[in-house]
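In case you want the letters, here they are:
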Amino acid sequence: MKKILIYAGLLISLLGSSCKKLLEEEPKAILDPKFLKTEKGLNAGLDGAYAGMRFMFGTQNLFALTVVGTDEFQKGNDGNDQSYRYGSGYTPTNGIVKGIWQDAYRYLNAANGVIKYAPEVTMDAKKKARILAEAKFLRAQYLFILVQFWADITLQTDFLDAPTTSAKRDPVPAVYAQVIKDLREAIPDLAPGPATTGVDKGRATAAAASHLLAKVYLAKAGSVAKEIPGDYEQAYQLAKGIIDNRAALGLALQQDFKDVHREGNESNSEILWAVQHTSTLPFNGPGNSGGSDNVLNHMFVPIYDQMGCARSMEYGRPYNRCIPTRWLTDTLFKDKVNDTRLVKSFQFVWLANSLDPSVLDKNKWPNPLPAGAPPGAVAGAPKTKNIGDTVIYMPGVDKTKAEIDRTPYQLIPPRLYNQKMSPAMTKYFDTKRGNFNNPSIRPVIVYRLAETYLIAAEAAYFTSRTPEAVGYINALRTRAAYPAGDPSKIQVTAADISTNFVDFILDERSKELMGENMRWFDLARTGKFIERVNLHNKDLVGIMLPKHVIRPIPQDQINSVTTGDPYRSDIYFPNWN
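Everything quoted here is computed from the prediction, not taken from an experiment. Each chain carries its own residue numbering, running from 1 in the written order of its sequence. Only residues with pLDDT of at least 70 get local features here, since the model is predicted, and only at 80 or more are side-chain atom pairs given and counted; chain-wide, interface and lining totals rely on the full set of residues. Processing note: side-chain calculations cover all non-hydrogen atoms of the structure and skip hydrogens and water entirely.

(A) Highlighting the overall build of the chain. Put simply, DSSP H or I for four residues or longer makes a helix, DSSP E for two residues or longer makes a strand, and each gets a number counted from the N terminus. Of regular secondary structure, the chain possesses 23 helices and 13 strands. Both definitions apply: the radius of gyration is a C-alpha atom measure, and the globule rule equals 2.2 Å times residues to the power 0.38. Its C-alpha atoms give the chain a radius of gyration of 25 Å, near enough to 25 Å, the size a compact globule of 577 residues would have. The classification of residues rests on relative accessible area computed with a 1.4 Å probe and restricted to protein chains. Under 20% of the type maximum is buried, over 50% is exposed, and intermediate values are partly exposed. For the chain, the proportion of its 577 residues judged to be buried stands at 58%. Here the contacts in the chain between residues at least 6 apart in sequence split such that 71% fall between residues at least 24 apart. Summing over all exposed atoms, the chain offers an accessible surface of approximately 22,300 Å²; the carbon and sulfur share of this is 53%. Neither His nor the chain ends contribute to the count of charged residues, in which Lys and Arg are positive and Asp and Glu negative. To locate a charge, take NZ of a lysine, CZ of an arginine, CG of an aspartate or CD of a glutamate. For the chain, the separation between the mean place of its 69 positive charges and that of its 60 negative charges on side chains is 2 Å. The contact definition used throughout considers only heavy atoms, calling two residues in contact when any of these lie within 4.5 Å. We get accessible surface area from the Shrake-Rupley algorithm with a probe of 1.4 Å; when it comes to residues, only the shown protein chains can shield them.

As structure tokens, this is what we get:
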């Protein structure tokens, strides 16, 4: 019984180790060439390629490499020093880096199998064309992740069903050319609009592929493969096409930014593509720190359970992997009244949810009582008296020590944010899972229409269409003011965006997309990673080096190449090893 080969010689089952017993009982569930030449095998291969996206979007690995250690988020109390702070352990042996590399090539191979053997399958021609197009979309997605993290990579487009011990790194332009080719070929045979309901939920569509292709051109424009202004022109036309045809595609911006990430609303009109997760245990695992589980619901939760609240489904499990930077909470969102995106993305208040003495004892009045303490305050007694009382409040503005001391709850102004207790991002909160310690079963939104507007704005500016860029940006800013803000107070003009456009558009992307698994990519492609991290992330001032804009090639990959020339790890930065 054959098994599919992960690049560099590791044999695996595409459907995951949690299904081994099932696969042993039903050998045809293993995707070998003979099986892939059947309609059932082709569908199984495509399912395998889709399944790999669950090892990307929602996992701690991609979160660690894209969200933390940027200008938006820094290490929380329980975060990883090596990955989040680029410590001494951030080397080719780093497990997080290895995980993304390994999973990307593993499931890329599934897509390759579908693409290779589809022409030999006898089945309905239209269905086969759609399967082939979806496989090309997925292959493009895996290759795009790899080339952004590692630049020159092995451009694997053939299906591997036997071990290989030789490999080389292919240049960035060749990788981008393949990604663009795959997406261009996929778009005509994909369903036009988002697949958000029924059995097709989560499938790639022409709208999603066009959006991804626009992102690819923006990233290419910031790489050694750049073709300026052609890359920006292509990105503009693709993004504009989606926006102009949004009604026919069933797409629309949500009226309220809060609704974009509202639990249970992951199939809303703004979503172009979301990676599906499941409550079916055999398809999950191995737990909160790895595998294919969606653990984003845990990553942003502070240690509120040490401050007078009990752990709960509503407030989440305090994994506390990261905290927002002060730049994100204080500087970027100076106007929190007319731009509501920060307050609709973070939790600033925690209410009493237990009167258990062991919980209440974590939030007591000091002895002696501070001056100005309210009537009824008792030295040494719990501040909380009733369920629903405020226990923690982060007002977003500074407070004096006297104000803090006399307040009948824990008042935490921005200057007192710390690794244990800072605002909690709520985009991924999940109250429907079986236990508050469980990972999430929510889909992970990967591409949405608001980003299409931002892509269009960036590409429009760089193709001398500044008025159009202003219009796309102001459309999102108008939405940001809903319902009670004044949109006119946050509208921008051509002069506003032209002073330093790259920083401006990075700010706009952060306001709209913070925490959505893409910040590192944006900073790297614009050449702003080191500069902005040094400016806005106090953990990393003076630590960042040029080599940190490329991820280290995993040592296992280097060691596995034993035939022919060694696998090159020194193309850009020879001192990684």
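(B) Molecular detail of the confidence of the model for the chain. Taken over all residues, the pLDDT of the chain has a mean of 90, while the share at 70 or more is 90%. Every residue carries a pLDDT, the predictor's confidence in it, which falls somewhere between 0 and 100. Low confidence marks residues 1-29, where pLDDT is under 50. Its contacts with residues over four positions away, or in another chain, come to 60 contacts.

(C) Representation of the pairing of strand β4 (residues 271-275) in the model. Judged by how many residues are buried, β4 sits mostly within the fold: five of five residues are covered. Between any two strands, pairing holds if DSSP finds at least two bridges. Relative to strand β13 (residues 444-448), β4 runs antiparallel, the two sharing four bridges. Note on β13: the bridge partner recorded for Trp273 is Tyr447.

(D) Layout of the side chain of Thr452. Among the secondary structure elements, Thr452 is positioned in helix α17 (residues 449-461). Relative accessible area serves as the criterion here: at 1%, Thr452 is assigned to the buried category. Leave out the neighbours within four places in its chain, and Thr452 touches His211, Ala239, Ile242, Ile243 and Leu272.

(E) How the structure looks around α17. To estimate how far a helix should reach, multiply one less than its number of residues by 1.5 Å. Compared with an ideal rise of 1.5 Å per residue, which puts 13 residues at 18 Å, α17 spans 19 Å between its outermost C-alpha atoms and is within 8% of the ideal. Burial of α17 is extensive: twelve of the 13 residues sit out of reach of the surface. Within α17, the full set of buried residues consists of Leu449, Ala450, Glu451, Thr452, Tyr453, Leu454, Ile455, Ala456, Ala457, Glu458, Ala459 and Ala460.

(F) Inspection of the packing of helix α3 (residues 39-51) against helix α6 (residues 95-117) at higher detail. Whenever a helix is involved, its axis is fitted only over the stretch in contact; in every case the axis is a line through C-alpha atoms, and angles between N-to-C directions fall within 0 to 180 degrees. Packing of α3 against α6 brings their axes to within 8 Å, and their N-to-C directions diverge by 150 degrees. In terms of axis orientation, α3 runs roughly antiparallel to α6. Seen along the crossing, α3 lies across α6 with a hand that is left-handed. The residues of α6 that touch α3, namely those facing Leu42, Gly45, Leu46, Gly48 and Ala49, are Tyr107, Ala110, Ala111, Val114 and Tyr117. When residue character is reported, Ala, Val, Leu, Ile, Met, Phe, Trp, Tyr, Cys and Pro are called nonpolar, Asp, Glu, Lys and Arg charged, and the others, Gly included, polar. The residue inventory of the contact of α3 with α6, partitioned by class, reads eight nonpolar, two polar and no charged. Angle categories: roughly parallel below 35 degrees, roughly antiparallel above 145, roughly perpendicular from 65 to 115, and oblique for all the rest. Left-handed is the label given to a crossing in which the near helix is rotated counterclockwise from the far helix by less than a right angle, and right-handed is the label when the rotation is clockwise.

(G) Examining the state of the cysteines more closely. In what follows, a disulfide is any cysteine sulfur pair within 2.5 Å. Going through the model one piece at a time under the given rule, you end up with zero disulfides. Between Cys309, a cysteine without a disulfide, and Cys322, which holds the nearest cysteine sulfur, the sulfur-to-sulfur distance is 20 Å. Overall, Cys309 belongs to the buried group, its relative accessible area being 1%.

(H) The arrangement of helix α10 (residues 230-244) in detail. With 15 residues, α10 extends 21 Å between its outermost C-alpha atoms, agreeing within 8% with the 21 Å of an ideal straight helix rising 1.5 Å per residue. Of the surrounding elements, those touching the buried residues of α10 are α8 (172-186), α9 (206-221), α11 (246-249), α17 and α18 (466-480).

(I) Highlighting the sheet that holds strand β10 (residues 390-393). Pairing is mixed across the open sheet formed by three strands, whose spatial order is β9-β10-β11. The sheet terminates laterally at β9 (349-351) and β11 (410-411), the two strands that pair on one side only.

(J) Local environment of the environment of Lys226. By the secondary structure assignment, Lys226 is in the loop between α9 and α10. By relative accessible area, Lys226 is classed as exposed at 52%. When the C-alpha positions of Lys226 and Phe348 are compared, they lie 43 Å apart, and in sequence the two are 122 residues distant.

(K) Spotlight on the pairing of β10. Pairing of β9 with β10 involves three bridges; the strand directions are antiparallel. Residue Leu351 lies in a different strand from β10, and its bridge partner there is Thr390. As paired strands, β10 and β11 are joined by two bridges and run parallel to one another. For Ile392, the partnering residue across the bridge sits in β11 and is Gln410.

(L) Inspection of the packing of aromatic side chains at higher detail. Stacked, tilted and edge-to-face pairs are distinguished by plane angle, under 30 degrees for stacked and over 60 for edge-to-face with tilted covering the rest, among Phe, Tyr and Trp rings (Trp via its six-membered ring) whose centres lie within 6.5 Å. Scanning the entire structure with this criterion turns up 30 aromatic pairs. Judged by centre distance (6.3 Å) and plane angle (85 degrees), the rings of Phe63 and Tyr84 are edge-to-face. Of this pair, Phe63 sits in helix α4 (residues 60-66) while Tyr84 sits in helix α5 (residues 81-84), and the two are 21 residues apart along the sequence. In terms of burial, Phe63 and Tyr84 fall into one category: buried. Between the aromatic rings of Phe63 and Phe300, the centroid separation amounts to 5.5 Å while the plane-to-plane angle is 85 degrees, which identifies the pairing as edge-to-face. One end of the pair, Phe63, is in helix α4; the other, Phe300, is in the loop between α13 (296-299) and β7 (322-324), with 237 residues separating them in the sequence.

(M) Geometry of the pattern of salt bridges. Salt bridges are identified by distance alone: a Lys or Arg side-chain nitrogen within 4 Å of an Asp or Glu carboxyl oxygen. For the coordinates displayed, the defined rule picks out 48 salt bridges. In this structure, Asp259 engages Arg262 in a salt bridge whose closest nitrogen and oxygen atoms are separated by 3.0 Å. Judged by its relative accessible area of 40%, Arg262 falls in the partly exposed class. With a shortest N-O distance of 2.8 Å, Glu458 and Arg525 are connected by a salt bridge. Note that Glu458 is positioned in helix α17 and Arg525 in helix α21 (residues 519-525), a separation of 67 residues in sequence. The buried category is assigned to Glu458, whose relative accessible area is 2%. Within this structure, Asp71, Glu72, Asp503, Asp507, Arg519, Lys528, Glu531 and Arg532 form a network of salt bridges that share partners.

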